[in-house]
Amino acid sequence: MDQYDRLRPLGRGAFGVVHLGRCRQTRRLVVLKSIPMPEEDTKQALNEVQVLRLLSHPNIIEYVSSHVQEQSLVIVMEYAPGGTLRDYLLSLQQQTMEEEQVMHFFSQMLIAVQHIHSLNILHRDLKSENILLDRERQVIKIGDFGISKILATKTSASSVVGTPCYLSPELCEGRPYNRKSDVWALGCLLYEMATLRRTFEAATLAALVLKILRGSYAPLPAQLSAGLRQLVTALLSLDQTRRPSVTQAIAHPAVAPFACRLF
Ligand code: ADP
Ligand code: MG
Ligand code: MG
């Protein structure tokens, strides 16, 4: 760890702190994510490293290395200088994001999640705070694999996880998390980019769950294209069997022209 200088804190998450760091030798800027690692939590701390190491994609934060330092695990990874998608959306204030731009971001998310799912991994924490941007704010990078799950032979995982706003109806009902639950979260993200508002919000968890189970979100503005509105509706199908897979979503007419421009 001596090879890295800690420059400044970037953010604070559920477990530990995230710092901007710099490699003394190469001068490369990196992110240092420190996760406290008491004996019983070691497995969870190592989970993020295990998952990150398996992934390699231009739209996923790149893993560099990991180190045990005192009682923490420090994960070194690619730095995304554009900050989080959440902060970017908030910075737009009342302006909207051009639909072209929304679909440019969303198609990158889909391509990245397709890669994640193809390796039998569920992200389980897709939300705008965990989507990062490059300096020009044109390339998105999915981060925070802290509660991701590598599926062995099953196609679902049973623990209830995730951020309440992006919880899918099946999770609200105590059913297992599966690929379609990530698709639901992607639907929430598309809605959030198109409207600059969270899809589901309520003062209490109980009220939130009720809204999610009813699928009651404010209608999308009529000036958005019919294709985009239809895609949001499909992604936010209450019945997970009616929700498209990520691969099907990439083939959707609202996405395909953008997805085919990537890489
Ligand atoms: P947690 O699991 O605690 O939520 P995250 O990995 O989401 O931790 O990081 C917390 C915050 O730190 C993010 O919301 C973001 O503000 C910042 N951050 C994390 N990773 C990066 C990165 N690679 N580049 C820039 N900022 C980052
Ligand atoms: Mg996070
Ligand atoms: Mg996390």
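This text gives an overview of the structure that appears in the document. These figures come from a predicted structure and were not determined experimentally.

## Details of the coordination of the magnesium ion (ligand 2)
- For the magnesium ion (ligand 2), the full set of protein donor atoms is Asn-130 (OD1) and Asp-144 (OD), at a range of 2.1 to 2.2 Å.
- Separating the magnesium ion (ligand 2) from the magnesium ion (ligand 3) is a distance of 3.8 Å, and Asp-144 supplies a donor atom to each of them. Pair noted here: Asn-130 is in the loop between strand S7 (121-122) and strand S8 (131-133) and Asp-144 is in the loop between strand S9 (140-142) and strand S10 (149-150), with a separation of 14 residues, a long-range link.
- Residue class for Asp-144 comes out partly exposed when judged on its relative accessible area of 25%.

## Some thoughts on a nonpolar patch on the surface
- Residues Leu-54, Leu-119 and Ile-150 make up a contiguous nonpolar surface patch of roughly 230 Å² in combined accessible area.
- Tracing the backbone shows Leu-54 in helix H1 (residues 42-54).

## Notes on the side chain of Ser-107
- Its location among the elements puts Ser-107 in helix H3 (residues 99-118).
- Discounting residues that sit within four places of it in the chain, Ser-107 has contacts with Val-255, Phe-258, Ala-259 and Leu-262.

## Brief notes about the environment of Asn-178
- Among the structural elements, Asn-178 can be located in strand S12 (residues 177-178).
- Separated by 55 residues in sequence, Asn-178 and His-123 place their C-alpha atoms 9.7 Å apart.
- In terms of polar contacts, Asn-178 uses its side chain to reach the backbone carbonyl oxygen of Pro-176, at 3.4 Å.
- Only 2.7 Å separates the side chain of Asn-178 from the side chain of Gln-240, close enough to count as a polar contact.

## A word on the layout of surface pockets
- Volume-wise, the largest pocket comes out at about 870 Å³.
- As for the largest pocket, its lining consists of 36 residues, and the residues nearest its centre are Val-18, Lys-33, Glu-129, Asn-130 and Asp-144.
- Counting residues per element, the ones that place at least two in the lining of the largest pocket are strand S1 (4-12), strand S2 (17-23), strand S3 (29-36), H1, strand S5 (72-78) and strand S6 (83-84).
- Residue composition of the lining of the largest pocket, grouped by class: 15 nonpolar, 12 polar and 9 charged.

## Quick look at the pattern of salt bridges
- Throughout the structure, instances matching the rule amount to 10 salt bridges.
- Close ionic contact of Asp-144 with Lys-33 constitutes a salt bridge, the shortest N to O distance being 3.2 Å. On the criterion of sequence distance, the pair formed by Asp-144 in the loop between S9 and S10 and Lys-33 in strand S3 is long-range, its members being 111 residues apart.
- Under the relative-accessibility criterion, Lys-33 is labelled buried at 15%.
- One salt bridge connects Lys-141 with Glu-78, and the closest N-O pair in it is separated by 3.0 Å. In this pair, Lys-141 sits in strand S9 while Glu-78 sits in strand S5, placing the two residues 63 residues apart along the sequence.

## Structural notes on the site of ligand 1
- Lining the immediate surroundings of ligand 1 are 17 residues, of which Gly-13, Ala-14, Lys-33, Glu-78 and Asp-144 lie closest.
- Between ligand 1 and the protein, one listed contact pairs an oxygen atom with a side-chain N or O atom of Asn-130 at 3.0 Å.
- Taking 550 Å² as the accessible area of ligand 1 by itself, protein coverage stands at 87%.
- Classifying every residue of the shell around ligand 1 by side-chain character gives 9 nonpolar, 4 polar and 4 charged.

## A word on the packing of aromatic side chains
- Taken as a whole and assessed by the stated rule, the structure comprises 4 aromatic pairs.
- Here Tyr-191 and Tyr-217 contribute two aromatic rings whose centre-to-centre distance is 5.4 Å and whose plane-to-plane angle is 80 degrees, an arrangement assigned as edge-to-face. Of the two residues, Tyr-191 is situated in helix H5 (residues 179-195) and Tyr-217 in the loop between helix H6 (205-214) and helix H7 (226-235); the sequence distance between them amounts to 26 residues.
- On the numbers, 5.8 Å between centres and 90 degrees between planes, the contact of Phe-200 with Tyr-217 is edge-to-face.

Rules behind the numbers
Residues numbered from 1 in each chain as written. Chains lettered and ligands numbered in written order. Predicted model: local features only at pLDDT ≥ 70, side-chain atom pairs only at ≥ 80, totals over all residues. Heavy atoms only, no water. Donors = N, O, S within 2.8 Å, 3.2 Å for Na, K, Ca; no water. Helix = DSSP H or I, 4+ residues; strand = E, 2+ residues; numbered from the N terminus. Buried < 20%, exposed > 50% of the residue type's maximum accessible area, 1.4 Å probe, protein only. Patch = residues over 30% accessible without salt bridge, like charges linked within 9 Å, V, L, I, M, F, W, Y side chains within 5 Å. Areas by Shrake-Rupley, 256 points an atom, 1.4 Å probe, with all protein chains shown as cover. Salt bridge = Lys/Arg side-chain N within 4 Å of Asp/Glu carboxyl O. Contact = heavy atoms within 4.5 Å. Polar contact = N/O pair within 3.5 Å; in protein donor to acceptor, adjacent residues only side chain to side chain. 1 Å grid on protein atoms, 1.4 Å probe; cavity = no way out; pocket = protein on both sides within 12 Å on 5 of 7 lines; lining within 4 Å. Points joined across faces, edges and corners; volume = space filled by probe spheres on them. Nonpolar A, V, L, I, M, F, W, Y, C, P; charged D, E, K, R; others polar. Near = heavy atom within 4 Å. Phe/Tyr/Trp six-rings, centres within 6.5 Å; stacked < 30°, edge-to-face > 60°.

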